[in-house]
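Chain and residue survey
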Amino acid sequence: MVYTIAILCSLVGYFLIGHLAGRRVKHLDDYLVAGRNAPTFFILGTLVASYLSTSAFLGETGFAYDGYPFVMLIFAAISTSGCLLGALAFGRYLRRSEARTVPEFFGKRFDSRRVQMIAGLTTVIGLGAYLVGVMQGAGIMFSELTGMPYWTGLVLVWLTYTGFILYSGSPGVMVTDTIMFVIFSLAALGGSIYILQDLGGWHGVIEGLLSQTDKPDIALWHGVIKGSDANFSTPGEALTWGITLGLVWAAVLAASPWQSSRYLMARNEHVVMRSAMLTAVALAVFYALMMMTGAAINLYDSQLDGERAMVWASLNILPTWLGVVILTGVFAAGLSSCSTFLSIIGFSISNDILPPNRSEKAAMRASRLSILGAGLVSLIIALFQSPAIMAVVWFAATLFASSWGPVALMSIWSRRITAAGAGWGLTVGFVSNIALSLMDQAQWISLPVYLHPVVLSTVAALIAIVVASKLTRVTAPQKAYRAFLHEHDRDVSAAWISGTRVVALCTMLAGAAIGIFLWFQYATTLDALAEQFDVPGQAITGGYLLAAGCGAMLLAAGSAGYWVVRKRGHKAPDMQPARS
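Let me sum up the structure you'll find in this document.

Quick notes on the rules
- Residues numbered from 1 in each chain as written.
- Predicted model: local features only at pLDDT ≥ 70, side-chain atom pairs only at ≥ 80, totals over all residues.
- Heavy atoms only, no water.
- Phe/Tyr/Trp six-rings, centres within 6.5 Å; stacked < 30°, edge-to-face > 60°.
- Helix = DSSP H or I, 4+ residues; strand = E, 2+ residues; numbered from the N terminus.
- Buried < 20%, exposed > 50% of the residue type's maximum accessible area, 1.4 Å probe, protein only.
- Lys NZ or Arg CZ within 6 Å of the ring centre and 35° of its normal.
- Arc of directions from axis to C-beta.
- Core = buried A, V, L, I, M, F, W, Y, C linked by side-chain atoms within 4.5 Å.
- Patch = residues over 30% accessible without salt bridge, like charges linked within 9 Å, V, L, I, M, F, W, Y side chains within 5 Å.
- Areas by Shrake-Rupley, 256 points an atom, 1.4 Å probe, with all protein chains shown as cover.
- Salt bridge = Lys/Arg side-chain N within 4 Å of Asp/Glu carboxyl O.
- Expected span 1.5 Å × (residues − 1).
- Disulfide = S-S within 2.5 Å.
- Axes fitted to C-alpha atoms, helices over the stretch in contact; angles between N-to-C directions.
- Parallel < 35°, antiparallel > 145°, perpendicular 65-115°, else oblique.
- Left-handed = near helix turned anticlockwise from the far one by under 90°.
- Contact = heavy atoms within 4.5 Å.
- Nonpolar A, V, L, I, M, F, W, Y, C, P; charged D, E, K, R; others polar.

This brings us to the packing of aromatic side chains. Scanning the entire structure with this criterion turns up 28 aromatic pairs. Aromatic side chains F90 and F106 sit 6.4 Å apart centroid to centroid with 20 degrees between the ring planes, which places their arrangement in the stacked category. A residue pair is termed long-range when its members are at least 10 positions apart, and F90 in helix α5 (residues 69–97) and F106 in helix α6 (residues 102–109) qualify at 16 residues. F106 matches F90 in its accessibility class, with the two residues each being buried. When the ring of F232 is compared with that of W241, the centres are 5.7 Å apart and the planes differ by 55 degrees; the resulting orientation is tilted. Take F232 and W241: they sit in the same class, and that class is buried. Geometry around Y65 places K215 over its ring, the cationic atom sitting 3.6 Å from the centre.

Within the span of helix α20 (residues 476–485), buried status applies to Q478, Y481, R482, F484 and L485. Projected down its long axis, α20 shows its buried positions confined to an angular sector of 155 degrees, all on one face. In α20, the exposed positions that point more than 90 degrees away from the buried face belong to A476 and K479.

The subject of this paragraph is unusual backbone geometry. With the exception of glycine, most residues fall at negative phi, and the peptide bonds are largely trans. The phi angle at R36 is positive, at roughly 55 degrees, despite the residue not being glycine. Mapping R36 onto the fold places it in the loop between α2 (28–33) and α3 (40–51). The backbone phi angle of D534 is positive, close to 55 degrees, even though this residue is not glycine. Tracing the backbone shows D534 in the loop between α21 (494–533) and α22 (537–569).

Moving on, we get to the nonpolar core. By size, the foremost hydrophobic cluster in this structure holds 188 residues, and its most contacted members are F106, Y161 and Y287. In terms of residues, this core owes the most to one element, helix α13 (residues 269–296), which gives 17 residues.

To continue, consider a nonpolar patch on the surface. On the surface, a nonpolar cluster with roughly 480 Å² of combined accessible area is contributed by W151, I380, L383 and F384. Residue contributions to the nonpolar patch peak at three residues, all from helix α16 (residues 360–384). On the secondary structure map, L383 appears in helix α16.

With that settled, the discussion passes to helix α1 (residues 2–21). With 20 residues, α1 extends 28 Å between its outermost C-alpha atoms, agreeing within 8% with the 28 Å of an ideal straight helix rising 1.5 Å per residue. Those residues of α1 not exposed but buried are Y3, T4, A6, I7, S10, L11, Y14, G18 and A21.

Moving on to the pattern of salt bridges. If you walk through the whole model with that rule in mind, you get six salt bridges. Residues D29 and R36 are paired through a salt bridge, measuring 3.9 Å at the closest nitrogen-oxygen approach. Among the residues examined, D29 registers a relative accessible area of 25% and is labelled partly exposed. A salt bridge links D29 to R100; its shortest N-O distance comes to 2.7 Å.

Within this structure, the stated rule accounts for zero disulfides. Of all cysteine sulfurs, the one in C338 lies closest to C9, which takes part in no disulfide; the gap is 20 Å. Free cysteine C506: the closest other cysteine sulfur is in C83, separated by 16 Å. For C506, a relative accessible area of 43% corresponds to the partly exposed category.

On to the environment of L159. Mapped onto the elements, L159 comes out in helix α8 (residues 150–168). Judged by relative accessible area, which is 46%, L159 ranks as partly exposed.

One way to put it is that α1 packs onto helix α7 (residues 113–146) with a least axis distance of 8 Å and a crossing angle of 140 degrees. With respect to α7, the axis of α1 lies oblique. When the axes of α1 and α7 are compared, the crossing they make is left-handed. Between α1 and α7, the residues in contact are Y3, T4, I7, L8 and L11 and F142, L145 and T146, respectively. Of the residues belonging to the contact of α1 with α7, the class tally is six nonpolar, two polar and no charged.

In structure tokens, the structure reads:
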């Protein structure tokens, strides 16, 4: 009963908070991009909340429970660094554009309504699939915690986030996301510490995992590679998977609409860089704790359904008050992603696909109707489509790595890409990814790990961009807009620059701290137990490399941020940036 009350109270609370945030909405920019005045903490909150959906708490933690906690750490070390590198290479330029949506930015950059519409359509289709996955995760959570039917949870979740988005738009999403971020961060931290300490700390967990026989090698960096349930057959295959998917998700974090669109709400580009650095740190800490916790649950019960392992532990292992916090936090993660995705879908339909409106009032009405229509369609699909949370979410997210990734980066750094190249790149990357993924799932083709559908479709997108751009010309407006994006904002004070440097230094220190922590808590512990449990020397070496690599990726990301800010701090622009 206590879980039912907590979940229902959280739904009412988020609805009321989102509704209160909507009182600030006076103009279309308020509704779509929160007036472009959001501080670092709010952008941090909405970035992390948008990324960590129920897939992270249930699907990815479940993958760690199934035998691959440290493969997930390899994935996380690479992917989270992409958050900052994406902000430096794309996000800060996106903020300079003052577009209302990312597809609108593409339209401005390439002086093409057609490119804007293509980007808008991929947003609606890709995020629509993603929205269905996280909705189903929230519905499953609601059903398991309250005992109510699955469909009831879906409908109540839908009513909550759709209700405040319709009224408040981006301000409601941003404020509720930040509150949810605080809740599930505390939940993840509290739950992980309790479970790990209950099992004797990292040393006790690693020793316990080495002792058990149900999932051999789960404590080693490559995870389970023996038995019929193993996802990988060799350590090299596990490493390839972690690196490949890490790079894919780095591109997702850099350019996907639900991440990059958060930068459009930032007060300035220094807020973009600061929030991205802090997001990378928050995600690195989250994965280090939660993946180890997912694996540790095996020491209580190794026969659970992986995607429900965290829910089971919260209900059966944790004290009731902490279980309530954890599960309310997981539920909040799903709700925050739902609100973000639906708002972006609705904004893209009204701003990028439908014909432009003549007045702000008509544009806001079109946005609200688009949100309502898209929400109803996603609810119907979620009700009748069988849940497969991690599979659906990962499939939908990678669509943007292959289609948006190349176009986003080249829109900033390439002088040769044309509107035709951008349009064909978006289309080919998106469609080929869908086609290859469906054929792979239907077992019509069999692809090795290093030739994941997203890799092949990214190559196809790049070829399409190059060929189409060679057959067309870069126009004068396209050249002028790219030049405008590379002009600096002379109004930014020295205080902003020095503050961003401090955040960059803190990011580097966090990387060093995480690397040192994993070195002594994981690698050294594994080394000390190696003789007792006959751990191969290569696995021990891999443990040390894992610890060093996880710290080094964040250290490199922070260094890049510091270098960019330092470089800009010494260059004074000669003229005011133009406005397009």
